[in-house]
Amino acid sequence: MTDTRFIYDASSPVDPLGDAAREAEQGRKHNRAKVGSGRPSSLLYTYGPGAIMDLPQFTIMPTGLDDWDRIWRRRDGIPQIRAPRLREVVRMLLRSPDVELRPFPWQAKKLSMSNEGSDLGVPARVFPQWLRCTGCDMLGSLSQFDYTNTHPFRTDLACFEHAKCTGRKGDKNRKPARRPAVPARYLLACVNGHLDEFPYDQWVHRGRSCSDAEFPALKMIDRTAGRGATATIMCGSCGLSRPMNEAQGEKASDNLPKCRGRHPHLDAFQPGGCGRDTRLILVGASNLWFPATQSIIVMPESQEERASDLASRIRIALGDKLAKYRHNLEILRDVLDGKVDVSGLSDAALTQAVEMAAQPPASVEEQEERIRTWDPVDLLVPEWRYLQKDPLGARHEDEMSGLTLSRRELDPDLRSEITRVLAAERLRKVNAIVGFTRIDAMDRVGDLPRRLVPVTRAARPEWTVATEDRGEGIFLQLDESATAAWEGRVYDTALWRAHRDAHQRNFRRRFSETAEMVDPDTRLKPPRYWLIHTLAHVLIRELALTCGYSAASLSERLYAWPEAEGRAAAAGLLICTTASDSDGTLGGLVQLSEPARLARVVGNALHRATRCSSDPICAMRTPQDPEDFLHGAACHCCAMASETSCERANRFLDRRFLVDLPGSELGFFGHVA
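1. A closer look at the overall build of the chain
Turning to step 1, where the next piece is worked out: Check the secondary structure of the chain and you find 18 helices and 25 strands.
Turning to step 2, where the next piece is worked out: Scaling as 2.2 N^0.38, a compact globule of 673 residues should have a C-alpha radius of gyration of about 26 Å, and the chain matches this with 28 Å.
Turning to step 3, where the next piece is worked out: Counting only C-alpha atoms and orienting by the principal axes, one finds that the chain spans roughly 80 × 75 × 50 Å.
Turning to step 4, where the next piece is worked out: Within the chain, the fraction of its 673 residues that count as buried is 50%.
Turning to step 5, where the next piece is worked out: A separation of at least 24 residues holds for 69% of the contacts in the chain among residues at least 6 apart in sequence.
Turning to step 6, where the next piece is worked out: Of the roughly 32,500 Å² that the chain leaves accessible, carbon and sulfur atoms contribute 50%.
Turning to step 7, where the next piece is worked out: Charge centroids of the chain, computed over 92 positive and 91 negative side chains, lie 6 Å from each other.

2. Some words on empty space enclosed by the protein
Turning to step 1, where the next piece is worked out: Summed over all chains, the structure comprises three cavities of 30 Å³ or more.
Turning to step 2, where the next piece is worked out: Here the largest cavity defines a volume of roughly 60 Å³.
Turning to step 3, where the next piece is worked out: Residue lining of the largest cavity: Ala-83, Pro-84, Arg-85, Ile-296, Val-298, Met-299, Glu-301 and Glu-305, and that is the complete set.
Turning to step 4, where the next piece is worked out: Of the residues that constitute the lining of the largest cavity, the class distribution is five nonpolar, no polar and three charged.

3. A closer look at the pairing of strand β24 (residues 554–561)
Turning to step 1, where the next piece is worked out: Extensive coverage of β24 is indicated by the burial of eight of its eight residues.
Turning to step 2, where the next piece is worked out: Here β24 shows two buried faces, one formed by Leu-554, Glu-556, Leu-558 and Ala-560 and the other by Ser-555, Arg-557, Tyr-559 and Trp-561.
Turning to step 3, where the next piece is worked out: Looking at chain direction, β24 and strand β25 (residues 570–579) are connected through eight bridges and run antiparallel. Along β25, the bridge assignment pairs Trp-561 with Ala-570.

4. Overview of the pairing of strand β23 (residues 463–478)
Turning to step 1, where the next piece is worked out: Taking burial as the measure, the 16 residues of β23 include 14 buried ones, the bulk of the element.
Turning to step 2, where the next piece is worked out: Where strand β4 (residues 100–102) meets β23, three bridges bridge the pair, whose relative direction is parallel. Each bridged residue has a counterpart across the sheet, and for Leu-101 the counterpart in β23 is Thr-464.
Turning to step 3, where the next piece is worked out: Sheet topology note: the strand β22 (residues 418–437)/β23 ladder contains 12 bridges and is antiparallel. Following the sheet pairing, Arg-428 is matched in β23 by Arg-470.

5. Let's talk about the confidence of the model for the chain
Turning to step 1, where the next piece is worked out: The predicted model of the chain averages 88 in pLDDT, with 94% of residues at 70 or higher.
Turning to step 2, where the next piece is worked out: Averaged over each element, pLDDT in the chain is lowest for strand β1 (residues 7–8) (54) and highest for helix α16 (residues 527–544) (97).
Turning to step 3, where the next piece is worked out: A low-confidence stretch, residues 1–5 (pLDDT under 50), is modelled with 14 contacts involving residues beyond four sequence positions or located in other chains.

6. Some details on the sheet that holds strand β11 (residues 186–189)
Turning to step 1, where the next piece is worked out: Within the open sheet, the three strands sit side by side as β12-β11-β18. Their pairing is antiparallel. Strands at the two margins of the open sheet, each flanked by one partner only, are β12 (195–197) and β18 (279–282). Taking the axes of each pair of neighbouring strands and ignoring which way they run, one obtains an average angle of 40 degrees across the sheet.
Turning to step 2, where the next piece is worked out: As paired strands, β11 and β12 are joined by three bridges and run antiparallel to one another. Considered in β12, the bridge of Leu-188 is made with Asp-196.

7. Some remarks on the pattern of salt bridges
Turning to step 1, where the next piece is worked out: Counting across every chain of the model gives 46 salt bridges.
Turning to step 2, where the next piece is worked out: As a salt-bridge pair, Asp-156 and Arg-154 come within 2.8 Å of each other at their nearest N and O atoms.
Turning to step 3, where the next piece is worked out: Between Asp-222 and Arg-185 there is a salt bridge; the shortest N-O distance is 2.8 Å. Note that Asp-222 is positioned in the loop between β13 (218–221) and β14 (232–235) and Arg-185 in the loop between β10 (177–183) and β11, a separation of 37 residues in sequence.

8. A short note on the packing of aromatic side chains
Turning to step 1, where the next piece is worked out: For the coordinates displayed, the defined rule picks out 23 aromatic pairs.
Turning to step 2, where the next piece is worked out: Here the aromatic rings of Trp-384 and Tyr-559 are separated by 5.9 Å at their centres, their planes lie at 35 degrees, and the arrangement is tilted. Of the two residues, Trp-384 sits in helix α12 (residues 377–387) while Tyr-559 sits in strand β24, which places them 175 residues apart along the sequence. There is no split in this pair, since Trp-384 and Tyr-559 are both buried.
Turning to step 3, where the next piece is worked out: Ring centres 5.8 Å apart and planes at 90 degrees place the aromatic pair Tyr-491 and Trp-496 in the edge-to-face group.
Turning to step 4, where the next piece is worked out: An aromatic cluster of three or more residues is present, and its members are Trp-486, Tyr-491, Trp-496, Tyr-529, Trp-530, Phe-652, Phe-657, Phe-668 and Phe-669.
Turning to step 5, where the next piece is worked out: Over the ring of Trp-203 we find Arg-242, and its NZ or CZ is 3.7 Å from the ring centre.
Turning to step 6, where the next piece is worked out: Seen from the ring of Tyr-529, Lys-525 lies directly overhead, with NZ or CZ sitting 5.2 Å from the centre.

9. Some words on the packing of helix α4 (residues 84–94) against helix α7 (residues 303–318)
Turning to step 1, where the next piece is worked out: In contact at an axis separation of 10 Å, α4 and α7 are set at 60 degrees when each is read in the N-to-C sense. Considered as vectors, α4 and α7 are oriented oblique to each other. Note on packing geometry: the crossing formed by α4 with α7 is left-handed. Where α4 approaches α7, its residues Pro-84, Arg-85, Arg-87, Glu-88 and Arg-91 are matched on the opposing element by Glu-305, Ser-308, Asp-309, Ser-312, Arg-315 and Ile-316.
Turning to step 2, where the next piece is worked out: Classifying every residue of the contact of α4 with α7 by side-chain character gives two nonpolar, two polar and seven charged.

10. A word on the nonpolar core
Turning to step 1, where the next piece is worked out: Core analysis: the largest hydrophobic core is formed by 50 residues, its most contacted members being Leu-478, Leu-535, Leu-573, Leu-658 and Phe-669.
Turning to step 2, where the next piece is worked out: Here the element with the most residues in this core is α16; it accounts for 10 residues.

11. Quick notes on the side chain of Glu-487
Turning to step 1, where the next piece is worked out: Tracing the sequence through the fold places Glu-487 in helix α14 (residues 480–491).
Turning to step 2, where the next piece is worked out: Given a relative accessible area of 5%, Glu-487 falls into the buried group.
Turning to step 3, where the next piece is worked out: For Glu-487, the residues in contact, after removing those within four places along its chain, are Pro-526, Pro-527, Arg-528 and Pro-562.

What counts, and where the lines are drawn
Residues numbered from 1 in each chain as written. Predicted model: local features only at pLDDT ≥ 70, side-chain atom pairs only at ≥ 80, totals over all residues. Heavy atoms only, no water. Helix = DSSP H or I, 4+ residues; strand = E, 2+ residues; numbered from the N terminus. Rg over C-alpha atoms; globule rule 2.2 N^0.38 Å. Buried < 20%, exposed > 50% of the residue type's maximum accessible area, 1.4 Å probe, protein only. Contact = heavy atoms within 4.5 Å. Areas by Shrake-Rupley, 256 points an atom, 1.4 Å probe, with all protein chains shown as cover. Lys, Arg positive; Asp, Glu negative; His and termini not counted. Charge placed at Lys NZ, Arg CZ, Asp CG, Glu CD. 1 Å grid on protein atoms, 1.4 Å probe; cavity = no way out; pocket = protein on both sides within 12 Å on 5 of 7 lines; lining within 4 Å. Points joined across faces, edges and corners; volume = space filled by probe spheres on them. Nonpolar A, V, L, I, M, F, W, Y, C, P; charged D, E, K, R; others polar. Pairing = 2+ DSSP bridges. pLDDT = per-residue confidence, 0-100. Axes fitted to C-alpha atoms, helices over the stretch in contact; angles between N-to-C directions. Salt bridge = Lys/Arg side-chain N within 4 Å of Asp/Glu carboxyl O. Phe/Tyr/Trp six-rings, centres within 6.5 Å; stacked < 30°, edge-to-face > 60°. Lys NZ or Arg CZ within 6 Å of the ring centre and 35° of its normal. Parallel < 35°, antiparallel > 145°, perpendicular 65-115°, else oblique. Left-handed = near helix turned anticlockwise from the far one by under 90°. Core = buried A, V, L, I, M, F, W, Y, C linked by side-chain atoms within 4.5 Å.

See the structure below:
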């Protein structure tokens, strides 16, 4: 199959369940399909399609979503996650009008040893497919090793073995024996998101063929435990050797081949290759895979959202039949029966929904312009607007969204700068993946459309994977007039100018080459964001001491932007905990929203923010040329949080914007005793 982006070899589809079934038919039991498991959150944020997941004995790569369709076809109905607001954004970013949000193919088991859901799972391929024998250092492809996976409930025992390993020279016992093989840990990557196996054969022979053998016997010698490329590749046939450290450093590009444009998760190559310089990267490197995700806290749907969602479901259900039956409501209801529930709609309402569904899609130019001007803050604005409304009584629950809110009275001891508190006793968060990047994280890429790697071969995907988490949280709102006045004061300070200059240096040095077309100031968060971000971090630290959740289980959602065209200013934050099951709704966090408890939590958090074990170094940290770090008085001892909690990777933090520190009187909350 060939499309505008990829060349795909359809002769080798990934179908692990089909492979297992064929093995069973032939009476062989050594190739079970299941090789491991993971939580939905980890499969979305850490080990999604195109990432490399470490298993006890080898590594795998979840494949693109095209291969997941074979798994879903084992079910009559495919479940969907309802989140119209998020779905519309995902459709825009994927340039596909009919994208659905689907969960991971999984089914709970009634008993630990039962077989429910055994025909579901995330398809993956072994990657990298070069292995090294731990007994004799032999370096070879998968076909040179035996795969063993015999225990139905012990996937950790699945492994590759060198069947007739004779050990290394000098070993006392060199009788042939079975010894485990481990992945060869070197790969090639480029900034366009391509990933490829390291060409060990070409490397050791410096681009030529082996002079003594058509299929040379390679070895990977690695006797050190140092970092980086410490191994040496040897050819046992001709005797040549070459250290891997020549693939690192300034001259590495002269030694490494150009990128072939490979996407192993799609089993595809970019037509004509990529041609960019490649970089040596290790299996397990932190910059191997960065997910590009979007998420929302599900709020009660507006009338416009419900109408748009209904029209979308009608359009998808009817497909090409929409134009044929759009004017015959009687036949239309029969065709939609069992697909979309329209039984409660009047003829007028159904006609309106059908007309909306039949509207022509936006042109390519309109789509690209919308993507170019789209701001991720647009996902937060509806949430902020709804949180401005007072709940209708205690524990007001919206049945469709599951959001349960309660207004909390303000304790006299609570800081006056906090004007509103809501307890979110139940909430639902939906997260969806739209692609990923390598080398640079998504928000660090200036030319994002070109650098974003898709998770499917289709030019217009029909669905993407999403997760649905449930949890609880506390919403705090700051006084807008006080925030605006404080923000205006900060803009004229030397500290803010230092942060702004550091951000410009960071942007120019760390973003991609097309970042020259982007104004760095458009990527710099305003002072109120630094304030609310720092407040969220110190609150997470304080809440974790008493709420029963660890700090890594709490996350922030920040509503911090000045007034702009089409949206009012926002200054608030939501600290929440979510999980794919009921673990996020235990009530420990919401209990701390009670007036007296919250006043104590906020007071203690601000008091702790005035001191750090790294002071005075931390309290006086200000970036100076040529420094380009994006934080001030903040470190892991006082304000930084785990990556699961922070939405900005611990950037845009400074305690001096939160409280007064020695030598600085810029704190929004002033002096804290």
